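Structural overview for review
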Amino acid sequence: MFSLYCIFPWLVIGIGVKGDSDLSGCPSTENAWRYRARSGEKFVLFCDVPRLGLCNKKNHLGKQQYDKTVCQGVQWYKQPQNGSQPYPVQNDYPRITWENNLLQFSPIDINDTGSYICKIKYKPKFVEKSRQSKGITCFLNILVEVQPKEKTPCMDSVKNELYLIIGSTASVPCPGMNCEGDLQRRDVTWYKNGMLYPKWQNTNVIIFEDIYHSNHGVYVCDYNVYINSTWWIVRAVVEVKTIVKNTSLSPIISDPPTDKFTLEVELGMPLTLECKAHFGQEIHFNPVIKWFAEDADLNREELRQENISIISKVEKTIIYYTAFLKQVTKKDLLRNFICFAQNSVGNATRTIKLKQKRGVLFTYILFGTTTTLVVILLASAFIYRYWVEMVLLYRTYQAKDETLGDRKEFDAFVSYAKQDSSDSLDSSSLNEESFALDLLPKVLEKKYGYTLCLFERDVVPGGAYTEDIVTIIKKSRRVICVLSPSYVSSPTVFELQAAVNLALEDQTLKLILIKFSPFKEPHSLPHRVKKALTVLPTITWSSKSAPSDSRFWNCVRYHMPVKNHRRLGEKRFNIFPRIFS
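The following paragraphs examine the structure supplied in this document.

Before going further, it helps to examine the overall build of the protein chain. Summing up its helical and strand segments, the protein chain has 13 helices and 31 strands in all. The buried share among the 581 residues of the protein chain stands at 43%. Sequence-distant contacts, at least 24 apart, represent 70% of the contacts inside the protein chain between residues at least 6 apart. Just so you have it, the protein chain exposes about 32,500 Å², and 53% of that area is on carbon and sulfur atoms.

Structure follows, in C-alpha cells:
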C-alpha cells in the first residue's frame, strides 16, 4: 500500500522512473496517512514518518534525531482538491514554514485541507554501492482534513501552549483527546520536536517528576479514531515552554550605561538613540519600552520608533529599542531624552542629555598646538641634557681650530694644591695631586691630544715663583684649577687669583674650575676670587667620573680650546654611547 502512495505522486508530478527515482527501496506499510486537525491550532507534518525511520537515527544518548547524511533533500508539494497539478509549498512565515522534514502550520486553517506530497531522497544503509551513490527518491502522500473549531466539543478546555516552571512537577496532556465523544480511539503515539518517543506510547498524559530547561519543545500526540468506517489519525500539538518563577523586580536598563548620561552631538546631523532593557520572566509578559523627549516644563513627547529587537532567554528577555531624530537642533540641547521601561512590577528610566560637539577644526588646531608644544618641550629637554655632547659632535666635523696663530704654547695650565710630606697619604684613594699629575695628562694629553703645563714637570726651577706663574698663564689658553679644601686654604690660591686678573686682560684666556672635593670658602679669599668661584661654571668630580668617556671628561673637553687632532678624529664616535645610553 505504501508503494502505491509512492507511485501516485510520482505519476502526478511527472517525474520519470529513470534516474534516481528508484522505488524498489521505498519502505512499505499497510496504513494510509490520513490526519484530522482542528482549525486555529498549531499543526505539523513529518515528511519522513518517524515510525518508518527513513531519516531518523539514534545519537549517543539513545535519542532519535534527524540524519542529514542519510536524507539528502526534502521538498513539499500540495495537491489541490480540484485535481489540478501539485505545486511546491513555499515558506509563508509566520503561518506556514518548513525545514528539513518538518512542515509547520501556525495555525492551520480550513483552506489547508487537502493532500500533501513530500519528495524525499535518502541513502539506505544496505544497498549496492552503485545505487547508494545515487540514493533513492520516494514520495509520501499525506491527506489532511481540517475540522472547524466550532464542531469540536469542549474546545475551551484544550491547551495547545503550556508553561512549565523549572524544578516543579508537571504533566503534558494530549490536547483535545477527551473531546472526541464516543468515537473509538486507540494507539496513542508521542513525538517531541519531530522525533518518535516510544516510552511515551499508549498514554494520553506525559508526567515529569522534575522539570528541566531541556523539556521545552513542540510535543505532538497522535491517536487513531474510527470515523465513517475509516481510521483517521487525529494529531494535536502542544508547545511546551519552560520558565522560571515570575520576577519580583522592575526592568533593568543597561544602555544608556548611567542616568543623566551626556552624549556629544553635532547640530544638523541625524541621531540614533538606543535603549537596552532587561525584563524578568513573566508568564503573561506585556513589557512597555519607549523613548520620550522632555522639555524644561516637563512636557513629554514620544519619539518615533526606528527599530526593536527581542532576545528571549529562560530567565529574562532583553529588548533593544531604537529611536531616531532626523536632525539635531538647538532646541534638543535643552531637552532630556528618557528611556522608559515597565513591566507588571514597576518601571525604570534612564536620561540622556545632549551636548554640542566642538568643531572639528578647533579640535585639529588644539591637537596640533598641543603636539607642537610637547615636541618643543621634549626637544628642549633633550638639547639641555645632551648639549655638551652635541657641541663636541659638531666640533668633530665642522669647528675650526682656534689655536692657530694665537702664539700660545700650552692648551691649559693645571693649578692644584701640592701635597705636604707631613700629610697622611691614602694610597687606596685618589688625591688632587695624583689627579692633576697622573689622571689629567693621561686623558687630556694621551687620549685627546691636548698640551698641558704642569709646574713641577714643565717649569725649570730657579726663577721667581710668582713671575713664573704669571708667565706660564700668559702662555696658556686655559687654566684648570683643581679645587679642594687644601687648595682654597693654601698659598696655591694665588695661582687662581693671578688667572682671574689675567683673564680680565686677555679675552682668550678662560678658567676651568674642577671641584675635586667639597670645601668652604675662607673669609680671607680675595674679592675677585670669591666672585669667580660664584660666577664661573664648575665641573664636579665624583667616583663615576673616572672612565674617559664619562660626562665629566666631556664637560672638561667642552671648555677646552677647539683643536683638530689626528688622534682626536679616531675617537670622535665615543660621544654617541653617552647621548643614546
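Moving on: the pairing of strand β16 (residues 217-227). Buried residues dominate β16, accounting for ten of its eleven residues. The pairing of β16 with strand β17 (residues 230-243) spans eleven bridges and is classified as antiparallel. Bridge pairing in β17 links Asn224 to Ile233. Connecting β16 to the antiparallel partner β17 that follows it, the hairpin turn spans two residues, and Asn228 within it adopts a positive phi of roughly 50°.

Time to look at the pattern of salt bridges. On inspection of all chains with the given rule, the structure shows 19 salt bridges. Here Arg235 and Asp222 are joined by a salt bridge, their closest N and O atoms 2.6 Å apart. Note that Arg235 is positioned in strand β17 and Asp222 in strand β16, a separation of 13 residues in sequence. Overall, the relative accessible area of 2% leaves Arg235 in the buried class. Measuring nitrogen to oxygen at the nearest pair gives 3.2 Å for the salt bridge that ties Glu495 to Lys418. Of this pair, Glu495 sits in helix α9 (residues 493-505) while Lys418 sits in the loop between β27 (410-415) and α5 (432-447), and the two are 77 residues apart along the sequence. For Lys418, a relative accessible area of 30% corresponds to the partly exposed category. Connected through shared salt-bridge partners, Asp406, Asp411, Arg477 and Lys563 make up one network.

The next thing to look at is helix α4 (residues 387-397). Since the α-helix turns once every 3.6 residues, residues separated by three or four places project in the same direction. Among all positions in α4, only Val388, Glu389, Val391, Leu392 and Arg395 are buried. Along the axis of α4, the buried positions cluster into a sector of 160°, meaning they face one direction only.

Moving on: the sheet that holds strand β29 (residues 476-483). Strand order in this open sheet of five strands is β28-β27-β29-β30-β31, and the pairing throughout is parallel. One side of each edge strand has no neighbouring strand; the edge strands of this open sheet are β28 (452-454) and β31 (538-540). Taking the axes of each pair of neighbouring strands and ignoring which way they run, one obtains an average angle of 25° across the sheet. As judged from the three bridges shared by strand β30 (residues 510-515) and β31, these two strands associate in the parallel manner. Along β31, the bridge assignment pairs Ile514 with Ile539.

What follows covers the side chain of His278. Along the chain, His278 falls in strand β20 (residues 271-280). A distance of 3.1 Å separates a polar atom in the side chain of His278 from a polar atom in the side chain of Ser254.

Relative orientation of the contacting elements helix α7 (residues 465-474) and α9 amounts to 45°, with a least axis distance of 10 Å. Comparing their axes, α9 and α7 come out oblique. For the pair α7 and α9, the crossing hand works out as right-handed. Only Phe494, Glu495, Ala498, Ala499 and Leu502 of α9 make contact with α7, whose side of the interface consists of Tyr465, Thr466, Ile469, Val470, Ile473 and Lys474. Each residue belonging to the contact of α7 with α9 can be placed in one class, and the counts come to eight nonpolar, one polar and two charged.

Before going further, it helps to examine the side chain of Arg478. The topology assignment puts Arg478 in strand β29. Leave out the neighbours within four places in its chain, and Arg478 touches Glu402, Asp411, Ala412, Phe413, Thr508, Leu509, Lys510, Ile512, His559, Met560 and Pro561.

For the rest of this paragraph, the subject is the nonpolar core. Among the nonpolar cores identified, the biggest contains 28 residues, and Phe413, Ile473, Val479 and Leu496 are the most heavily contacted of them. Listing elements by their share of this core, those giving two or more residues are β27, α7, β29, α8 (485-488), α9, β30 and α10 (527-535). In terms of residue count, α9 provides more of this core than any other element does, seven residues in total. With residues up to four places along the chain from it excluded, the contact list for Leu496 reads Cys481, Leu483, Tyr487, Leu511, Leu513, Val529 and Leu533.

Let us now look at the packing of aromatic side chains. According to the stated counting rule, one finds 20 aromatic pairs in the structure shown. Plain terms: the ring middles of Phe382 and Tyr386 are 5.1 Å apart, the flat faces sit at 50° to each other, and that makes the pair tilted. What makes Phe382 partly exposed here is its relative accessible area of 36%. For Tyr386, a relative accessible area of 13% translates into the label buried. In this structure an aromatic cluster arises from ring pairing among Phe435, Phe516, Trp541, Phe552 and Trp553.

This paragraph deals with α10. Where α10 is concerned, the buried positions are Val529, Ala532 and Leu533. Viewed end-on, α10 has its buried residues packed into an arc of 100°, placing them on one side of the element. Turned more than 90 degrees off the buried face of α10, the exposed positions are His527, Lys531, Thr534 and Val535. Next to the buried residues of α10 lie β29, α9 and β30.

For the structure on display, the rule yields three disulfides. Linked covalently through their sulfurs, Cys174 and Cys221 form a disulfide whose S-S length is 1.8 Å. Taking the sign of the torsion about the S-S bond as the criterion, the disulfide between Cys174 and Cys221, at about 70°, is right-handed. On the criterion of sequence distance, the pair formed by Cys174 in the loop between β12 (170-173) and β13 (184-192) and Cys221 in strand β16 is long-range, its members being 47 residues apart. Side by side, Cys174 and Cys221 carry an identical accessibility label, which is buried. Here Cys275 connects covalently by a disulfide to Cys339, the sulfurs 1.7 Å from one another. Between Cys275 and Cys339 the sulfur-sulfur dihedral comes to about -60°; the bridge is accordingly left-handed.

We now examine a nonpolar patch on the surface. A grouping of Phe382, Ile383, Trp387 and Met390 is seen on the molecular surface, where their side chains present a nonpolar patch of about 350 Å² in accessible area. Elements supplying a minimum of two residues to the nonpolar patch: α3 (360-385) and α4. In this fold, Ile383 is placed in helix α3. Overall, Ile383 belongs to the partly exposed group, its relative accessible area being 35%.

Conventions and cut-offs
- Residues numbered from 1 in each chain as written.
- Predicted model: local features only at pLDDT ≥ 70, side-chain atom pairs only at ≥ 80, totals over all residues.
- Heavy atoms only, no water.
- Helix = DSSP H or I, 4+ residues; strand = E, 2+ residues; numbered from the N terminus.
- Buried < 20%, exposed > 50% of the residue type's maximum accessible area, 1.4 Å probe, protein only.
- Contact = heavy atoms within 4.5 Å.
- Areas by Shrake-Rupley, 256 points an atom, 1.4 Å probe, with all protein chains shown as cover.
- Pairing = 2+ DSSP bridges.
- Salt bridge = Lys/Arg side-chain N within 4 Å of Asp/Glu carboxyl O.
- Arc of directions from axis to C-beta.
- Axes fitted to C-alpha atoms, helices over the stretch in contact; angles between N-to-C directions.
- Polar contact = N/O pair within 3.5 Å; in protein donor to acceptor, adjacent residues only side chain to side chain.
- Parallel < 35°, antiparallel > 145°, perpendicular 65-115°, else oblique.
- Left-handed = near helix turned anticlockwise from the far one by under 90°.
- Nonpolar A, V, L, I, M, F, W, Y, C, P; charged D, E, K, R; others polar.
- Core = buried A, V, L, I, M, F, W, Y, C linked by side-chain atoms within 4.5 Å.
- Phe/Tyr/Trp six-rings, centres within 6.5 Å; stacked < 30°, edge-to-face > 60°.
- Disulfide = S-S within 2.5 Å.
- Patch = residues over 30% accessible without salt bridge, like charges linked within 9 Å, V, L, I, M, F, W, Y side chains within 5 Å.

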